[in-house]
Amino acid sequence: MKIKKRNVLRLLSITLVMCAFMATNHLEAQNKKKKKKKNQIEASAPKPKSKTKSIKDLTKSSKKIEGLFTMYRDTITGSLQMVITEEQLGKEYIHFNQVSNGVIDAGRFRGAYGGSKVFKVKKFYNKIEFVSQNTSFYFDPDNAISKSKDANTSEGIMAAVKIEAHDNKEGLYLIKADGLFLKETFSQVKPPRFPGASPMSFTLGNLDKNKTKINSIKNYNDNTNLEVEYVYSKPSVLNGGSRGVTDGRNVSIKVFHSLIAMPDNDYEIRLDDPRVGYFTTQVNDQTATNSTPYKDLVHRWNLVKKDPNAAISEPVKPITWWMENSTPVEWRETITQGVLEWNKAFEKAGFKNAMVVKLQPDDADWDAGDINYNVLRWTSSPNPPFGGYGPSFVNPKTGEIIGADIMLEYVHFTNRVFYDQLFDLAKADAEFDASEYLQKNKVLCSFGHVMHENTMFGQAVVEAAGGSELEMERMKEEAMLALIMHEVGHTLGLNHNMKASQLFSPEELANKDFIEGKCLTGSVMDYAGINITNDRTKQGQYYDTSVGPYDVWAIQFGYTPFKSEDEKVALLNRSTEPQLIFGNDADDMRAPGKAIDPRVMIGDLSNDQIGYSIDRIKLVDSMMQVVKSKFSKEGESYQELRRAYYILSGQRATAVNVISRFIGGVYVDRAMVGQEGGTQPFTPVSLEDQKRAMDALKKYAFAPEAFSAPNDLYNDLAMQRRGYGFMRGPEDPKIHNQVLTYQRNVLRHLLHRNTLQRITDSELYGNDYSLSKFMTDLNSSIFKADIFGNVNSFRQNLQLAYTNMLIDMLIGKQNSRYTNNAKSMALYNLKQIRSMAAPSGNVSSKAHKQHLRMLIDNALKEVK
Ligand SMILES: [Zn+2]
């Protein structure tokens, strides 16, 4: 049995060994299996595992939109990514923006241009930067000082965006673009709040990140365009805006952004000259040593002759205008004519067919806001901010115009008086004031407003005289032609020429054969009055029907490919020819106290502005006698009559303003020293003309019966009722307030500290109408006719207002800004009034005179 036991042990050990062997075998097999599986996994993923994602990874669910800056838009979230190429780094581009739609309340209306700027795309470590560049200075590269050209100017880093992916082989960088466009990165959209603005005025809320969106993207080889809808929200509003604002708590402003490749062409820079009126980009030459280191860039199109040797050649690329398909059909022909009239000017500059007009097809796949198209656009806005608006945008480095649009307001060709407040002056405080807005934004052109007012006046005259429907149509057509020529002129680079209406005499303007087919002024860029002859049989053209001699000359300066500097100088030296007279509205002559040259004025016409204005006043006064019978129509409300009354009054007010500019006026001549035909820069208006102006003002602005209409007319000046809110305040006509406002406008110019100071200063260089003579004449024109008897209610108003203005010169808040000579004359005049205003006349007149004396007595106590 012993053996048996041993055998069992052996057997056991063998079994154990075997078990151990088997176990080892099993483990090895298992390990091999695992390894095989791992190998299989590795074989199924072709690329090695990495933390950084590729452009392809990040744009998997996006649609690619190729162009200057290629974009990827996610098809699920709409979020935007942008590709920057290695080549684009360090390069310059232009950013331009334009409001595609907005609200006038916020000053952001359809078509409003937001200006253009140059920016660079730069790489800084793992970021892409968008950096705006300063283009205001020039350094001569040959001058050593140019090495410090960056001193004390700053670049503007508008955005720094993280690089999300990089394709080394292709040289591409991918960045997230939502932050670039959904914020006000490239331009400020929400207007700043001016200090002192009323807390009641309309304002936009805060930019709502969540609601703001990119509406569309259009990509071309040379430009990338996006329309962004900025939404401004706030939980509650004090002022919800005008009716154009649907919901004051959520306001959308849509803006087109264009990123444009820097033009690489043979464009020739043209530098500005003070004798011709072009829009410019101001550049200072920091290396120049003369007193006018200006290298201001004229804004003009890049017109190049197809045949450089031909005297007249077609351009390589004409300036093409597209008429938006919303253009009223009946106006299309006149509008085309208005654009093509400029070809007459271009021919003198050596170009044939420089301007071309096409009609936007109804099925066009491009939007009128596309910068690749220059479009004549139409809107019919609530409270239009402009009458026509002809903006252009330029390359800030050269002044080359890259694109332009013209916005036209339908309202100007209707009979609506949309800016009623300009006439009746019972202004609603919260309402948007077009004229104020226009003054702040000089790029806007209010020619349409002026034209509209003029045409309504013209229509009233024709209607009252029993003129035909055909005559009315002719006037409207001429008005449209003149308006288009004017706005197109802006897009060619021209600014206003408010001096141009000096071209013809009143006799020539009343000679219909003489003026036929002509520009009635030197330039369509003026805001001239409508040509109406008091003798209706002599009526010819109402408006300019062709470009003027100044326009031709200005286009020659801007566009002629000059062969030599001498050729250009010879052209500029023609500036002293009378038909080329130029003066713009840089120092806005519409505001009292601003104008110095009476010829630079709006609403005037002819080389005898005083005579022409007196004729206009006489026409208005005679119309006032018949207006009631001519404009009260049976079965209709009195709205038409009311409109006619305010238009007539407005024309009269314009006429007396034109006359007032002669007092203390100084003619300006911008001819260079020694230029043939040139005079000295400043020549005061002659004593004779100043006296003539004073006599006219005495008679037509200040006399007891000036501005008065037949009394029974006032009974009928009623607006048509519309709901409850049709009237701004009580609806009765505020006649005294209206007349006084017209008179005060004249006085505000005559007694403006600038005018009074200029009268005294110019006595030294040729002014013979001394301050003492003028102030004495003014005093007597306001008092002499009635102060010793009965004073009517208009004159009481005028006399009190005038007396208060004199008192203000002495003790008012602004008194330190008046010269001592002016203050002494104010005091002298007050004492004269004090002695004239002894109690006499009826009770009302006695009360008035007592009032005057009390005011003066109290004021004199305060004079120190
Ligand atoms: Zn204009």
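Cut-offs applied
Residues numbered from 1 in each chain as written. Predicted model: local features only at pLDDT ≥ 70, side-chain atom pairs only at ≥ 80, totals over all residues. Heavy atoms only, no water. Axes fitted to C-alpha atoms, helices over the stretch in contact; angles between N-to-C directions. Helix = DSSP H or I, 4+ residues; strand = E, 2+ residues; numbered from the N terminus. Parallel < 35°, antiparallel > 145°, perpendicular 65-115°, else oblique. Left-handed = near helix turned anticlockwise from the far one by under 90°. Contact = heavy atoms within 4.5 Å. Nonpolar A, V, L, I, M, F, W, Y, C, P; charged D, E, K, R; others polar. Core = buried A, V, L, I, M, F, W, Y, C linked by side-chain atoms within 4.5 Å. Buried < 20%, exposed > 50% of the residue type's maximum accessible area, 1.4 Å probe, protein only. Expected span 1.5 Å × (residues − 1). Salt bridge = Lys/Arg side-chain N within 4 Å of Asp/Glu carboxyl O. Phe/Tyr/Trp six-rings, centres within 6.5 Å; stacked < 30°, edge-to-face > 60°. Lys NZ or Arg CZ within 6 Å of the ring centre and 35° of its normal.

1. Considering the packing of helix α15 (residues 639-660) against helix α16 (residues 687-702)
Between α15 and α16, the least distance of the axes is 9 Å, while the angle of their chain directions is 155 degrees. By the angle between their directions, the pair α15 and α16 is classed as roughly antiparallel. With respect to the hand of their crossing, α15 and α16 are arranged in left-handed fashion. Between α15 and α16, the residues in contact are R652, V656, I659 and S660 and A693, A696, L697, Y700 and A701, respectively. Here the residues of the contact of α15 with α16 sort into 7 nonpolar, 1 polar and 1 charged.

2. Focus: the nonpolar core
Counting residues in hydrophobic clusters, the biggest one holds 145 residues, and the most contacted among them are W342, F346, L492, I555, F702, F774 and L778. Those residues within four positions of F702 in sequence are excluded, and the remaining contacts are L697, Q743, V746, L747, L750, L778, S781, I782, R795 and L798. Core analysis: the next-biggest nonpolar cluster, separate from the first, contains 51 residues, F96, V99, V103 and Y232 among them.

3. Comments concerning helix α9 (residues 469-491)
Counted at 1.5 Å a residue, the expected span for α9 with its 23 residues is 33 Å, and the 33 Å between its end C-alpha atoms agrees. Burial analysis of α9 places 17 of its 23 residues in the buried class, which makes it a mostly covered element. Once α9 ends, the next one or two residues include G493, with phi positive near 110 degrees.

4. A few points about the pattern of salt bridges
Following the criterion strictly, the structure yields 26 salt bridges and no others. E92 is the salt-bridge partner of K397, the closest N and O atoms lying 2.6 Å from each other. Of this pair, K397 sits in the loop between β21 (392-394) and β22 (401-409) while E92 sits in strand β4 (residues 92-101); the two residues are 305 residues apart in sequence, bridging distant segments of the chain. With its nearest N and O atoms 3.1 Å apart, the salt bridge here joins D608 to R692. Note that D608 is positioned in the loop between α13 (565-572) and α14 (609-631) and R692 in helix α16, a separation of 84 residues in sequence. A relative accessible area of 32% places R692 in the partly exposed class. Each of E471, R474 and E478 takes part in one network of salt bridges that share partners.

5. A few points about the side chain of T334
Mapped onto the secondary structure, T334 falls in helix α4 (residues 332-340). Among residues more than four places away in sequence, those in contact with T334 are E477, M480 and L481.

6. Thoughts on helix α20 (residues 771-783)
Compared with the 18 Å implied by 1.5 Å per residue over 13 residues, the 18 Å span of α20 between its first and last C-alpha is a close match. Those residues of α20 lying buried are L771, F774, M775, L778, N779, S781, I782 and F783. Of the surrounding secondary structure, the elements contacted by the buried residues of α20 are α16, α18 (735-750), α19 (753-762), α21 (793-811), α22 (820-836) and α23 (843-862).

7. Details of the packing of aromatic side chains
All chains considered together, the criterion is met by 21 aromatic pairs. Ring geometry for F124 against Y125: centres 5.0 Å apart, planes inclined by 85 degrees, an arrangement best described as edge-to-face. A residue is classified by how much of its surface remains accessible, and Y125, at 67% relative accessible area, is exposed. Following the ring pairs from residue to residue traces out a cluster consisting of F69, Y93, F119, F130, F181 and F186. The ring of F514 has K518 lying over it, and the distance from NZ or CZ to the ring centre is 4.2 Å.

8. Considering the packing of α21 against α22
Where α21 contacts α22, the two axes come as close as 9 Å, and the packing angle between them is 140 degrees. Comparing the axis directions of α21 and α22 gives the class oblique. The way α21 lies across α22 gives a crossing that is left-handed. Along the contact surface, α21 presents Y802, T803, L806, I807, M809 and L810, while α22 presents A822, K823, A826, L827, N829, L830 and I833. Taken together, the residues that form the contact of α21 with α22 break down as 10 nonpolar, 2 polar and 1 charged.

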